[in-house]
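# Architecture at a glance
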Amino acid sequence: MPAADTVLTGARVRTLDPGRPEARAVAVRGGEILAVGDEADVRDWRGPATEVLDLGGATLTPGLTDAHSHPVWGIEMATGADLSAVRDLDQLRTALRAAPRLGGWVLGHGLDHNAFGGRPVDKALVEEALAGAPAFLRLYDGHSALASGAALAAAGITGPRTFDQRSEIVCDPDGRPTGHLVEHAAMALVGALAPKPSAAERRARLTALLGEMAATGLTGAHVMDLGDGDVPALLAGVEYDGDLPLRLKLAPWCMPGATARDLAELIELQGVRGRHWQVGGVKFFMDGTVEGGTAWLEHADCHGRGTDAFWPDPEAYSAAVRTLDAAGVRTATHAIGDAAVRHVLDTVASLGAGARMRHRIEHIETVPDDQLKRFAELGVIASMQPPHTAYTRADHSDEWSKRLGADRARRAWRCRDLREAGAVLALGSDWPIAHHDARRVLAVARSPLGAAAAGPALTGLMALEGMTSHAAIAAGEQRVAGRIAPGFRADLTAFALDPVETAPDELAGAPIRLTMSGGRITYGGLPR
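Please read all numbers here as calculations on a predicted model, not as lab measurements.

## Some words on the overall build of the chain
Regarding its fold elements, the chain presents 19 helices and 23 strands. For the chain, whose C-alpha radius of gyration is 23 Å, the value lies close to the compact-globule estimate of 24 Å for 528 residues. Each principal axis of the C-alpha distribution contributes one length, and for the chain these read about 80 × 50 × 50 Å. The proportion of buried residues among the 528 residues of the chain is 59%. Intrachain contacts of the chain at a sequence separation of at least 6 include 74% that bridge at least 24 residues. Carbon and sulfur atoms make up 51% of the accessible area of the chain, which amounts to about 19500 Å² in all. Averaging the coordinates of the 54 positive side-chain charges in the chain and doing the same for the 66 negative ones gives two points 2 Å apart.

This is the structure in structure tokens:
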């Protein structure tokens, strides 16, 4: 056996490999796992240049992967004041008065719908605090924003408009815009005018962000966008200076109105790559959000909204998926409402058995009993983000629950029910919608919050699988990632506490001893 580059010892190794579930030491060479064994095996793996790291009793697991994140696009989304701690209108006005002016604008992100206390989102509620400044404030869901009067004027928005996708400039009964912009096309009218980070700022912030993510145990992320098309150049620039701390797999968007040429370009993009990133898959939207009234529901919400798909012609979505599937392209579809989930499942059912484990549904915030078993039957991967439950309340007094009504709110984030039904379940954060800390994703999966608190939680092992072996399946990488076994990628995470057995509240702050991505130590790992 050739000598290892690195040997990790002094650990409880949870391999997630059915052939050898536990071990005590791991050898790494050339970015791959060379050997897995006991402490007695270490001397046989060593050579003159081998670095031996004693993990001091840590628990070593396959490297954690965030199965749904926006680390590049999110840099722009998270520009300006962080409004995630705002709980009511008084706090919002105070935050806006103190917010920095960027090029004369007030930018904010992470604003909770519940901060409006049940009132409609309206610029009139904050204009005094802005003192005439143009403002673009993203609500937490990433699918809606509040624009001030000055921002609307800058964009030439004076009334409603028609869009190819389900987007809306919300107007009052007299046809005057309230400043509430719903879904991407409407938001872009103002968002395109707001100040953006420079190329140098984006590169520096991306590198810092990925380093922070690695410090929570993340070795990779499934990136659910390709930004404005310059992301490959940005990533290539970062890799020109050094290595990415995380391995990234990016899925460009396919939006309503996509032509045959658009689909051909998406197919051609597949496999575009750098050292630690690649384009792989395509992202669709079948609906929007519950709070924004754009989740596609089988029955209208309490405001009479939610009965339309994001694609005005849902069959056009299905045709696009069929074209991509025939070319061997994996897809991920944002589907929050029960009607959206059903339509995606029906679409995959039309593809035949060859499509198993090639298509996934993102979010799945409410799903009826009769659809649970179809995920396993059709081989559709469920991709869910447990931290989203923090935007709801156990007594169903939040906007999400009130819009859906009690019956649908009781079906909130059914992670455990999907696992029990045999589904593959990949877990993520959806940063910047929720914090990227992988430990918190694991903890909340085992102790759901808000409307999901009354439902069954994932076990510690199920949660870990969601960010390791099941995340690997979701990316089509189950033969090279997601377990600790010879020949697999050396993506590894070492926890000071056992992530399977430690109580969720302790796990959320558990120290990370080491993060290794492709054999490169990206966090911790000082020799002992």
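Moving on, there is more to tell.
## Let's talk about empty space enclosed by the protein
Using the criterion set out here, one finds 3 cavities of 30 Å³ or more in the structure. Estimates place the volume of the largest cavity at around 210 Å³. Contributing elements (two or more residues each) for the lining of the largest cavity: helix H2 (73-77) and strand E16 (282-285). Size it by volume and the second largest cavity reaches roughly 80 Å³. Lining the second largest cavity, in full, are Glu 76, Met 77, Thr 79, Leu 107, Gly 108, Phe 136, Arg 138, Gly 191, Ala 194, Pro 195 and Lys 196. When contributions to the lining of the second largest cavity are tallied by element, the ones reaching two or more residues are H2, strand E8 (106-111) and strand E9 (135-139). Across the lining of the second largest cavity, the residue classes break down as 5 nonpolar, 3 polar and 3 charged.

## Quick look at the sheet that holds strand E11 (residues 168-171)
Spatial ordering of the open sheet is given by E7-E8-E9-E10-E12-E11, a layout of 6 strands whose pairing is mixed. Unpaired on one side and paired on the other, strand E7 (81-82) and E11 mark the two borders of the sheet. Bridge analysis of strand E10 (residues 144-147) against strand E12 (residues 177-182) gives 3 bridges, and the strand direction is antiparallel. Bridge pairing in E12 links Leu 146 to His 180. Most of the contacts of helix H6 (residues 184-191) go to E12, to which it runs at about 120 degrees, and overall it touches E9, E10, E11 and E12.

## Observations regarding helix H7 (residues 199-214)
Here H7 contains 16 residues, and its C-alpha end-to-end distance of 23 Å stays within 8% of the 22 Å for a straight helix at 1.5 Å per residue. Every buried residue belonging to H7 is among Arg 202, Leu 206, Leu 209, Leu 210, Met 213 and Ala 214, and all of these are buried. For H7, the arc enclosing every buried residue in end-on projection is 135 degrees, short of the 170-degree limit, so these residues lie on one face.

## Brief notes about the packing of aromatic side chains
By the definition in use, this model includes 8 aromatic pairs. On the numbers, 6.1 Å between centres and 70 degrees between planes, the contact of Trp 311 with Tyr 317 is edge-to-face. Residue Trp 311 is classed as buried on the basis of its relative accessible area of 3%. By way of ring pairs, the aromatic residues Trp 73, Trp 253, Phe 285 and Phe 310 are connected into one cluster.

## Here's the deal with the pattern of salt bridges
In this structure the tally under the stated criterion is 36 salt bridges. Here Arg 410 and Asp 407 are joined by a salt bridge, their closest N and O atoms 2.5 Å apart. Each member of the pair Arg 410 and Asp 407 is classed as exposed. The network of salt bridges with common partners includes Arg 12, Arg 14, Glu 22, Asp 498 and Glu 501.

## Digging into the packing of H7 against helix H8 (residues 231-241)
The N-to-C vectors of H7 and H8 enclose an angle of 70 degrees; their axes lie 10 Å apart at closest approach. Put simply, H7 runs roughly perpendicular to H8. Regarding H7 and H8, the two cross each other, and that crossing is right-handed. Contacts between H7 and H8 pair Arg 202, Arg 203, Leu 206 and Thr 207 from the former with Val 231, Leu 234, Leu 235, Gly 237, Val 238 and Asp 241 from the latter. Each residue belonging to the contact of H7 with H8 can be placed in one class, and the counts come to 5 nonpolar, 2 polar and 3 charged.

Conventions we followed
Residues numbered from 1 in each chain as written. Predicted model: local features only at pLDDT ≥ 70, side-chain atom pairs only at ≥ 80, totals over all residues. Heavy atoms only, no water. Helix = DSSP H or I, 4+ residues; strand = E, 2+ residues; numbered from the N terminus. Rg over C-alpha atoms; globule rule 2.2 N^0.38 Å. Buried < 20%, exposed > 50% of the residue type's maximum accessible area, 1.4 Å probe, protein only. Contact = heavy atoms within 4.5 Å. Areas by Shrake-Rupley, 256 points an atom, 1.4 Å probe, with all protein chains shown as cover. Lys, Arg positive; Asp, Glu negative; His and termini not counted. Charge placed at Lys NZ, Arg CZ, Asp CG, Glu CD. 1 Å grid on protein atoms, 1.4 Å probe; cavity = no way out; pocket = protein on both sides within 12 Å on 5 of 7 lines; lining within 4 Å. Points joined across faces, edges and corners; volume = space filled by probe spheres on them. Nonpolar A, V, L, I, M, F, W, Y, C, P; charged D, E, K, R; others polar. Pairing = 2+ DSSP bridges. Axes fitted to C-alpha atoms, helices over the stretch in contact; angles between N-to-C directions. Expected span 1.5 Å × (residues − 1). Arc of directions from axis to C-beta. Phe/Tyr/Trp six-rings, centres within 6.5 Å; stacked < 30°, edge-to-face > 60°. Salt bridge = Lys/Arg side-chain N within 4 Å of Asp/Glu carboxyl O. Parallel < 35°, antiparallel > 145°, perpendicular 65-115°, else oblique. Left-handed = near helix turned anticlockwise from the far one by under 90°.

Distances and angles like these do not, on their own, reveal function.
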